[in-house]
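Examining the three-dimensional arrangement
As a plain string of letters, each chain reads:
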Amino acid sequence: MQQQTLGAMIASLRKERQMTQLELAEQLGVTDKAVSKWERNLSCPDITAIPKLADILGVSVEELLRAQTAEQPAEKPGEAARTARLILRAVPVAMGAAVTVLAWLGQIDVRSGLSLLGIGLFCMGLEQLGGPKN
């Protein structure tokens, strides 16, 4: 058997035995939703269930444990910088809107309003100094 994720291994072995997720779940004393999550690599079986799972699927515990873990998608290069830039663009808008609404409602004093607007302007400056746009 070629190297695959634990979820893919569980799914393929279950299907080879012509079992449904529900049938496997009932034999293990878990829900079919749990089996579905395992097969989609969203979670893993409890360590105490591994021996029984291996027995039901006709493989050794070692074979199950040798399956690759699903790799989490790596963050795309520059994604953090784009997110930070988006936040630095959004904060001034949010601060301006907050000051406008609070002033209209009479719920903010001049000093607090200027402080909030100052934070917004500071964020705008940081965004502008951030370098070339993507």
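None of these values were measured; they are calculated from a predicted model.

What counts, and at which threshold
Residues numbered from 1 in each chain as written. Predicted model: local features only at pLDDT ≥ 70, side-chain atom pairs only at ≥ 80, totals over all residues. Heavy atoms only, no water. Core = buried A, V, L, I, M, F, W, Y, C linked by side-chain atoms within 4.5 Å. Buried < 20%, exposed > 50% of the residue type's maximum accessible area, 1.4 Å probe, protein only. Helix = DSSP H or I, 4+ residues; strand = E, 2+ residues; numbered from the N terminus. Axes fitted to C-alpha atoms, helices over the stretch in contact; angles between N-to-C directions. Parallel < 35°, antiparallel > 145°, perpendicular 65-115°, else oblique. Left-handed = near helix turned anticlockwise from the far one by under 90°. Contact = heavy atoms within 4.5 Å. Nonpolar A, V, L, I, M, F, W, Y, C, P; charged D, E, K, R; others polar. pLDDT = per-residue confidence, 0-100. Patch = residues over 30% accessible without salt bridge, like charges linked within 9 Å, V, L, I, M, F, W, Y side chains within 5 Å. Areas by Shrake-Rupley, 256 points an atom, 1.4 Å probe, with all protein chains shown as cover. Salt bridge = Lys/Arg side-chain N within 4 Å of Asp/Glu carboxyl O.

Residues Ile-10, Leu-24, Leu-53, Leu-57 and Leu-64 are the most contacted members of the largest nonpolar core, which totals 19 residues. Mapped onto this core, the elements with two or more residues apiece are helix 1 (6–16), helix 2 (21–28), helix 3 (32–39) and helix 4 (50–57). At 5 residues, the largest contribution of residues to this core is made by helix 4.

Taken N-terminus to C-terminus, the directions of helix 6 (residues 79–105) and helix 7 (residues 110–129) make an angle of 160°; their axes are 8 Å apart at the nearest point. For the element pair helix 6 / helix 7, the angle class is roughly antiparallel. By crossing handedness, the relation of helix 6 to helix 7 is classed as left-handed. On helix 7, the residues touching Arg-85, Leu-88, Arg-89, Val-91, Pro-92, Met-95, Gly-96 and Val-99 of helix 6 are Gly-113, Leu-116, Leu-117, Ile-119, Gly-120, Cys-123, Met-124, Leu-126 and Glu-127. Each residue belonging to the contact of helix 6 with helix 7 can be placed in one class, and the counts come to 11 nonpolar, 3 polar and 3 charged.

What follows deals with the confidence of the model for the protein chain. Looking at the protein chain as a whole, the pLDDT averages 86, with 87% of positions reaching at least 70. The least confident element of the protein chain is helix 5 (residues 61–66), whose mean pLDDT is 86; the most confident is helix 2, at 95.

The next thing to look at is a nonpolar patch on the surface. On the surface, Ile-47, Val-61 and Leu-65 cluster together into a nonpolar patch covering about 290 Å² of accessible area. Assignment of secondary structure puts Ile-47 in the loop between helix 3 and helix 4. Overall, Ile-47 belongs to the exposed group, its relative accessible area being 64%.

With that out of the way, let us pick up unusual backbone geometry. Positioned with a positive phi, Gln-18 is a non-glycine residue whose angle comes to about 50°. Using a relative accessible area of 71% as the deciding quantity, one classes Gln-18 as exposed. Positive phi values are uncommon outside glycine, yet Asn-41 reaches one of about 60°. When you line up the elements, Asn-41 lands in the loop between helix 3 and helix 4.

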